[in-house]
Amino acid sequence: MEDIVRDKYVSWIKPETEKVLLDELSRHEYVADGGEYDVAHLFGIFSTFEIKKKSDLCGAQKKFRHFVNINIGMFKASTPEEVERINHSARFCTENITAYSYSGRYRRALENYLKVIKAVVPEKKDSMLDVGSGTIPFLAILLSEEGYNVTAMDQFVLSNECLRNLGVKSLREFFTSRTRVGDYDIVTGRRPCTAIPHIVSRCSSEKKPYMVKLCTCNSPNNKISGWRNLLRDIDPDIQYVGDYIYNFKFGDGKYDIGSTEDKIVNNDETYEEELRADNGCYPFDPEMYDEL
Ligand SMILES: C[S@@+](CC[C@H](N)C(=O)[O-])C[C@H]1O[C@@H](n2cnc3c(N)ncnc32)[C@H](O)[C@@H]1O
């Protein structure tokens, strides 16, 4: 068997994981993305075996990318472009881990948002739906770790078993105009893209409190300001503080004790910085890739 150069910075994946993944690759035609058997599907299987607790996340992306890279001949990729697409998909489905592990800025932004949530939701037992929690849902992982009763909603790349091991309750689906929110005390989301207008609409119809940090990718003018009229037409009682929207009218006074604006501005240290950028996505951060 050909000698494998193992990454000196990470311990190699477990032999049983390697066996399962190689068996998968030999039984199915794995493509980069968009098929039943694509790189994200393979990562889901990898996550069941290799990510049992939060600390396993750091390093997991390197192990997975390395596995894909050295076994690239087993994927359905015959041209250099197809090979690059496979490797790109492996980077793409693990990019949240990279960002959280290596980019101080992303980690700080998540932690700031969590401080706002904690200031607004004093009762950890309140059931919270975190929409667009991330394909690797760091927000819900951090909230669950602190004892919050949170359900993450997104199209995860982690397997259900892995999410359970990380202590995360999950709904593997997208929020749409038909999503019911009646079972939750509050709906939240940090930059949940296409879900934004649906959250506002469903929460106003079902009289549920919500708070969302907006992104711009789906706003009519690609700016935070583009949401204003559109969302106010859906919910005339919507409140804006910078790139946050909320309506706590139906929260029985639980979520607006004290000034919500102060809670946002005082807890989210990246607030000014992100408003100036007026952008849902972070600019390329070279620091993030230094280590890879
Ligand atoms: C910009 S990311 C934000 C992820 C995470 N909340 C964070 O702050 O890092 C947007 C996420 O929303 C998800 N998303 C987009 N539309 C959605 C919808 N309609 N329902 C649920 N999730 C959605 C995407 O899959 C993606 O993971």
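Preceding this paragraph is the structure being described.
These numbers were taken from a predicted model, which means no experiment stands behind them. (Residues numbered from 1 in each chain as written. Predicted model: local features only at pLDDT ≥ 70, side-chain atom pairs only at ≥ 80, totals over all residues.)

Attention shifts here to the overall build of the chain. Check the secondary structure of the chain and you find 13 helices and seven strands. In the chain, once contacts between residues fewer than 6 apart in sequence are set aside, the share between residues at least 24 apart is 59%. (Helix = DSSP H or I, 4+ residues; strand = E, 2+ residues; numbered from the N terminus. Contact = placed C-beta atoms within 7 Å.)

Once that is clear, we can look at the site of the ligand. Inspection of the region around the ligand gives 18 residues, with Gly-132, Phe-175, Arg-190, Cys-193 and Ala-195 positioned closest. The residue makeup of the shell around the ligand, split by class, is nine nonpolar, six polar and three charged. (Near = placed C-beta within 6 Å. Nonpolar A, V, L, I, M, F, W, Y, C, P; charged D, E, K, R; others polar.)

As a further point, take the environment of Glu-111. Residue placement: Glu-111 occurs in helix H6 (residues 104–120). When the C-alpha positions of Glu-111 and Leu-142 are compared, they lie 8.8 Å apart, and in sequence the two are 31 residues distant.

So, on to the sheet that holds strand S3 (residues 169–171). If you walk across this open sheet you meet the seven strands as S3-S2-S1-S4-S5-S7-S6, and the pairing is mixed. The open sheet has two edge strands with one neighbour each: S3 and strand S6 (239–241). Direction aside, the axes of adjacent strands within the sheet are offset by 20 degrees on average. In this sheet, S3 lies alongside strand S2 (residues 149–153) in parallel orientation, the contact comprising three bridges. Pairing of Met-153 across the sheet is with Leu-171, part of S3. (Pairing = 2+ DSSP bridges. Axes fitted to C-alpha atoms, helices over the stretch in contact; angles between N-to-C directions.)

For residues besides glycine, phi is generally negative; the peptide bonds are generally trans as well. Look at Arg-191: it is not a glycine, yet its phi comes out positive at around 55 degrees. Along the polypeptide, Arg-191 turns up in the loop between strand S4 (186–190) and helix H9 (196–205). Taking the C-beta count within 10 Å as the criterion, Arg-191 has 20 such neighbours and is therefore assigned buried. The phi torsion at Asp-252 lies on the positive side, around 50 degrees, for a residue other than glycine. Mapped onto the secondary structure, Asp-252 falls in the loop between strand S7 (244–247) and helix H11 (260–267). (Buried ≥ 20, exposed ≤ 12 C-beta atoms within 10 Å, placed from the backbone.)

Time to look at the packing of H9 against helix H10 (residues 227–234). Where H9 meets H10, the closest approach of the two axes is 9 Å, and the angle between their N-to-C directions is 25 degrees. Classified by the angle between their axes, H9 and H10 sit roughly parallel to one another. Along this stretch, H9 crosses H10, giving a crossing that reads as right-handed. The segment H9 lies against H10, with Ile-196, Pro-197, Val-200, Ser-201 and Ser-204 engaging Trp-227, Leu-230, Leu-231 and Ile-234. Residue classes in the contact of H9 with H10 are distributed as seven nonpolar, two polar and no charged. (Parallel < 35°, antiparallel > 145°, perpendicular 65-115°, else oblique. Left-handed = near helix turned anticlockwise from the far one by under 90°.)

Inside soluble globular proteins, nonpolar side chains tend to come together where they are buried. With 73 residues, the main nonpolar core has Val-39, Phe-43, Val-187, Ile-199 and Tyr-210 as its most contacted residues. Residue contributions to this core peak at six residues, all from H6. Counting residues domain by domain, this core receives three or more from each of domain 1 (15–93) and domain 2 (104–277). Beyond its immediate chain neighbours, meaning those up to four positions away, Ile-199 contacts Val-131, Phe-175, Val-187, Gly-189, Tyr-210 and Val-212. (Core = buried A, V, L, I, M, F, W, Y, C linked by C-beta atoms within 7 Å. Domains from an automatic or database assignment.)

Let's shift gears to the packing of H6 against H11. Closest axis-to-axis distance for the H6/H11 pair is 8 Å, and the angle between their directions is 155 degrees. When the interaxial angle is binned, H6 and H11 end up roughly antiparallel. The element H6 and its partner H11 pack so that their crossing is right-handed. For the pair H6 and H11, contact is made by Asn-112, Lys-115, Val-116, Ala-119 and Val-120 and by Thr-260, Lys-263, Ile-264 and Asn-267, respectively. Taken together, the residues of the contact of H6 with H11 break down into four nonpolar, three polar and two charged.

So, to be careful, I would describe these as geometric facts and stop short of saying anything about function.
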